[in-house]
Amino acid sequence: MKKFIFLFTVLLSIYSITGLHATPDKENASEPQIHILCSPDLYPVVLQWTAEFSRQHPGSENFVVINETEINDKAAEETDLHFITNYAFEPTNSSASWKIIIGRDVFVPVINSNNPLSDQMNESGIKLSDLAVMLNNQNEPIWSSLTNGENIRLNFYLTKNESDNSSINKFLDTPLHNAHASIVNSNEELVAAIQQDINGFGFCKLNDIVNPNSQSWLENISVLPIDKNGNGKLDYFENIYLNPDDFTRAVWIGKYPKAMVNNFYVLADESPKNETEVAFLNWITDDGQNLLAANGFTGLVSSEILANIQRLNNEDFYTDAATSENYALLKIVMALIIITGLVSLGFSWNRQRKNKESQITSLTNASGHLPNTITETRVNLPNGLYFDKTHTWVFMEKDGIVKVGIDDFLQRITGPYTRVKMKKPGESLKKNEALITLIQDGKQLNVYAPISGKIMDINEQLFDEPSMINASPYADGWIYMIKPSNYPREIQFLRMSEKYREWLKNEIARLKDFLAVSANVKSLQMAQVSYQDGGEIINHVLHEFGPEVWEDFQKKFIETSVIN
């Protein structure tokens with residue numbers, strides 16, 4: 001019934017779209033001008049983008065680029081696209097309902113790679129509060145938080161750029177006193193000075209310290225490791241500074257302080273439909289990224305590029321569907337489908353109401369509450385997720401990263417977890433490899449991966465509160481964020497909620513078979529622990545069983561699901 005309503009809604013929407021749009025007029029084929037409004041810091045690169053795009057695409061020389069500092073009321077009304085940074089973007093004051101990210105500006109604290117405290121920095125990192133204290137030392141900056149009374153100089157270099165210095169103040173969350181700083185003219189001069197100074201330190205743009213030929217850090221330059229969680233050590237998930245590629249991806253995921261990241265966006269009142277606009281934004285997302293580096297900015301990671309291109313192309317699906325040749329026929333066909341749908345909907349609605357009443361009666365006990373048992377209708381399976389036979393779920397975020405967790409069915413069987421063993425960020429997974437170990441007072445189960453990919457982040461809260469998987473398996477109890485490596489193929493083997501619910505009928509039958517043949521269920525006492533009156537399996541059925549039953553469950557239930 002839900003599928004029918006969904007299909008009917010889609011068809012009605014298509015009909016509405018075709019009815020609201022006039023038949024295309026071939027005589028008005030000329031492209032109108034595209035007015036682009038820019039933040040001042042993006043104005044130079046947007047000018048280059050439009051010029052290069054027009055050069056590569058003859059006939060697309062219809063861009064009007066306006067700097068925000070020169071805007072007037074007429075220009076504001078005519079704006080089609082707004083290029084803006086997150087420093088200037090105020091969501092509550094903007095009427096734009098559509099946006100995509102197109103790049104970013106990243107500021108980083110850098111040191112000389114041969115700094116005498118490098119090893120200690122790489123082990124413990126530096127707290128932002130300690131860094132602010134050291135830089136604002138009234139006498140002279142020293143690496144005081146990293147030494148035991150030894151005065152090792154901290155030679156602080158600073159540029160004249162007020163915008164950069166404002167970003168540094170946000171990063172440190174305190175005004176920076178630069179009385180002891182050596183002032184240089186540019187980021188290039190700052191980097192060169194630190195390369196020659198073993199005690200040198202400063203802030204610069206990420207792009208200024210990357211060797212474009214080898215995609216490595218420049219010689220004698222390292223990014224200062226930040227102890228973001230302030231626990232006095234550089235945890236595994238905080239160790240993001242080995243190379244530019246890992247660092248850039250960590251910035252995207254959010255492992256680097258947001259105050260030092262200035263994202264660039266394109267805003268619009270609605271998703272672009274103009275053919276030239278869509279082509280231009282596709283080009284910026286892909287080939288146009290090269291011009292960001294030339295202007296000192298940082299480009300998007302590959303997953304962001306793919307997500308942007310998919311969004312730009314999918315959102316324009318119906319724009320040109322109604323041509324002058326098929327427009328009338330399309331409306332007639334849609335009208336017939338809708339009329340037929342209305343008739344069928346009436347019958348189905350009445351049948352669904354009766355079925356629902358019957359289900360409510362059968363699912364509730366004498367007190368009006370659902371029994372504490374496991375059936376396919378009582379397992380929570382949210383729409384929008386994909387489920388795997390390993391009893392895991394996956395959900396792709398807008399940025400292309402996939403969130404993974406355990407389904408409600410498995411946690412209902414086992415009961416609360418007391419400990420988990422998880423993999424580390426950066427490790428690779430293959431589908432059907434061990435994903436996580438769930439532990440309950442010494443008894444444990446290994447659960448297997450639904451997809452292949454690289455672990456980008458883990459839910460660290462599970463180490464302290466493993467029972468979050470039981471309490472909130474689809475929200476707070478998620479396990480990993482994974483960058484998928486073979487998602488288009490592997491998703492074909494996953495099931496959406498209703499298909500998965502149908503599949504669970506067989507799983508529940510298998511579970512009953514397992515409990516029936518298990519040596520620990522042969523006694524009457526154990527049978528009462530496992531089943532309620534009527535032969536339904538109670539929640540947390542394995543909770544009272546010992547390690548030997550959990551081992552049997554691993555081999556005869558969990559692992560056979562992976563094999564079959």
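Worth saying up front: this structure is predicted, and the values here are computed from it rather than measured.

*Asks:* Sorry if this is basic, but what is going on with the nonpolar core here?
*Replies:* Where a protein is soluble and globular, its nonpolar side chains tend to be buried together. The biggest cluster of nonpolar side chains holds 59 residues, and the ones touching the most others in it are Phe409, Ile436, Tyr480, Leu542 and Phe553. The dominant element in this core, judged by the number of residues it contributes, is helix H17 (residues 497-517), at seven residues. When residues no more than four places from it in sequence are discounted, the contact partners of Phe553 are Leu410, Ile413, Leu445, Leu511, Phe514, Leu542 and Ile558. Grouped together as the second largest cluster of nonpolar side chains are 47 residues, Val108, Ile152, Ala193 and Val210 included.

*Asks:* Can you help me understand the packing of aromatic side chains in this one?
*Replies:* For any pair of aromatic rings, geometry is given as the distance between the ring centres together with the angle between the planes. This model, assessed by the stated rule, comprises 19 aromatic pairs. Ring centres of Phe53 and Phe280 lie 5.3 Å apart, and the angle between their planes is 65°; this geometry places the pair in the edge-to-face category. Of this pair, Phe53 sits in helix H2 (residues 43-56) while Phe280 sits in helix H9 (residues 275-285), and the two are 227 residues apart along the sequence. Phe280 shares its class with Phe53; the two are buried. An angle of 85° between the planes, with centres 6.0 Å apart, marks the rings of Phe387 and Tyr474 as edge-to-face. Residue Phe387 is located in strand S13 (residues 386-388), and its partner Tyr474 is located in the loop between helix H15 (468-471) and strand S21 (480-484); the two are separated by 87 residues in the primary sequence. The burial state of Phe387 is the same as that of Tyr474; both residues are buried. Here a set of aromatic residues connected by ring pairs shows up, and it is made of Trp49, Phe53, Phe63, Phe83, Phe280 and Trp283. The positively charged end of Lys99 is found above the aromatic ring belonging to Tyr265, 4.3 Å away from the centroid. The ring of Phe557 has Arg510 sitting right over it, with the charged end atom 4.2 Å from the ring centre.

*Asks:* How should I be thinking about the sheet that holds strand S20 (residues 453-458) in this particular structure?
*Replies:* Within a sheet, neighbouring strands are paired by backbone hydrogen bonds and run either parallel or antiparallel to one another. The six strands are arranged S13-S14-S15-S21-S20-S17 in an open sheet whose pairing can be described as antiparallel. What marks the edges here is a single partner per strand, and that holds for S13 and strand S17 (428-429). Pairing geometry for S17 and S20, over two bridges, is antiparallel. When the sheet's bridge partners are listed, Ser428 is paired in S20 with Lys454.

*Asks:* Just checking my understanding: could you explain the packing of H2 against H9 for this structure?
*Replies:* Helix-helix packing is described using two parameters, namely the angle between the two axes and the distance between the axes. The interhelical angle for the contact between H2 and H9, taken along N-to-C directions, is 110°, at an axis separation of 11 Å. It follows from the interaxial angle that H2 and H9 lie roughly perpendicular. Along its contact with H2, which presents Trp49, Thr50, Glu52, Phe53 and Gln56, the element H9 presents Thr276, Ala279, Phe280, Trp283 and Ile284. The residue makeup of the contact of H2 with H9, split by class, is six nonpolar, three polar and one charged.

*Asks:* Explain the confidence of the model for the protein here, please?
*Replies:* When pLDDT drops low, the exact placement of atoms in the prediction is not to be read closely. For the protein, the mean per-residue pLDDT works out to 79, and 76% of the residues sit at or above 70. In this model, residues 519-525 is a region of pLDDT below 50 whose contacts with residues beyond four sequence positions or in other chains number 10 contacts.

*Asks:* So what exactly am I meant to see when it comes to H9 here?
*Replies:* The periodicity of an α-helix, 3.6 residues per turn, causes residues three or four places apart in sequence to face the same way. For H9, the buried fraction is high: nine of the 11 residues fall into the buried class. Among the residues making up H9, those that are buried are Thr276, Glu277, Val278, Phe280, Leu281, Asn282, Trp283, Ile284 and Thr285. One side-chain oxygen of the residue at the start of H9 lies 2.8 Å from the amide nitrogen of Thr276, identifying that residue as Asn274.

*Asks:* Looking at this structure, I do not really get the sheet that holds strand S16 (residues 419-422). What am I missing?
*Replies:* Strand order across the open sheet formed by three strands is S16-S18-S19, with antiparallel pairing between neighbours. The open sheet has two free edges, formed respectively by S16 and strand S19 (443-448), since each of these has just one partner strand. Adjacent strand axes in the sheet meet at a mean angle of 20° when their direction is disregarded. As paired elements, S16 and strand S18 (residues 434-440) share four bridges and run antiparallel to each other. Paired with Lys421 across the strands is Thr437, a residue of S18.

*Asks:* Please clarify how helix H8 (residues 244-253) should be interpreted in this entry.
*Replies:* Of all 10 residues in H8, seven are buried; the element is thus mostly enclosed. The opening residue of H8, the one whose side-chain oxygen lies 3.2 Å from the backbone nitrogen of Asp245, is Asn243. Directly after H8, the chain includes Gly254, whose backbone phi takes a positive value near 110°.

Thresholds, definitions, all that
The residue count restarts for each chain, going from 1 along the sequence in the order it is written. The predicted origin of the model limits local features to residues at a pLDDT of at least 70 and limits the giving and counting of side-chain atom pairs to 80 or more, whereas totals for whole chains, interfaces and linings rest on all residues. As a convention, hydrogens and water are excluded, and side-chain values are obtained from all of the structure's heavy atoms. Here, nonpolar core refers to any group of buried Ala, Val, Leu, Ile, Met, Phe, Trp, Tyr and Cys residues whose side-chain atoms link them within 4.5 Å. Relative accessibility thresholds used throughout: buried, under 20% of the residue-type maximum; exposed, over 50%; partly exposed, between the two (1.4 Å probe, protein chains only). Helix and strand definitions follow DSSP, with helices as H or I runs of at least four residues and strands as E runs of at least two, each counted in order from the N terminus. A contact between two residues is defined here by any heavy atoms of the two lying within 4.5 Å. Pairing of aromatic side chains here covers Phe, Tyr and the six-membered ring of Trp, requires ring centres within 6.5 Å, and sorts the geometry by plane angle: under 30 degrees stacked, over 60 edge-to-face, intermediate tilted. Definition used: whenever NZ (Lys) or CZ (Arg) falls within 6 Å of the ring centre and also within 35 degrees of the ring normal, the charge is taken to sit over that ring. Strands qualify as paired when DSSP identifies two bridges or more between them. Only the stretch in contact is used when fitting a helix axis, every axis being a line fitted to C-alpha atoms; angles between N-to-C directions are given from 0 to 180 degrees. Relative orientations are named as follows: roughly parallel for angles under 35 degrees, roughly antiparallel for angles over 145 degrees, roughly perpendicular for angles from 65 to 115 degrees, and oblique for any other angle. Amino acid classes used here: Ala, Val, Leu, Ile, Met, Phe, Trp, Tyr, Cys and Pro are nonpolar; Asp, Glu, Lys and Arg are charged; the rest, including Gly, are polar. Each residue carries a pLDDT score, the predictor's own confidence in it, on a scale running from 0 to 100. Any N or O atom pair separated by 3.5 Å or less is treated as a polar contact, with the protein-specific requirement of one donor-capable and one acceptor-capable atom, and with residues adjacent in sequence counted only for side-chain atom pairs.

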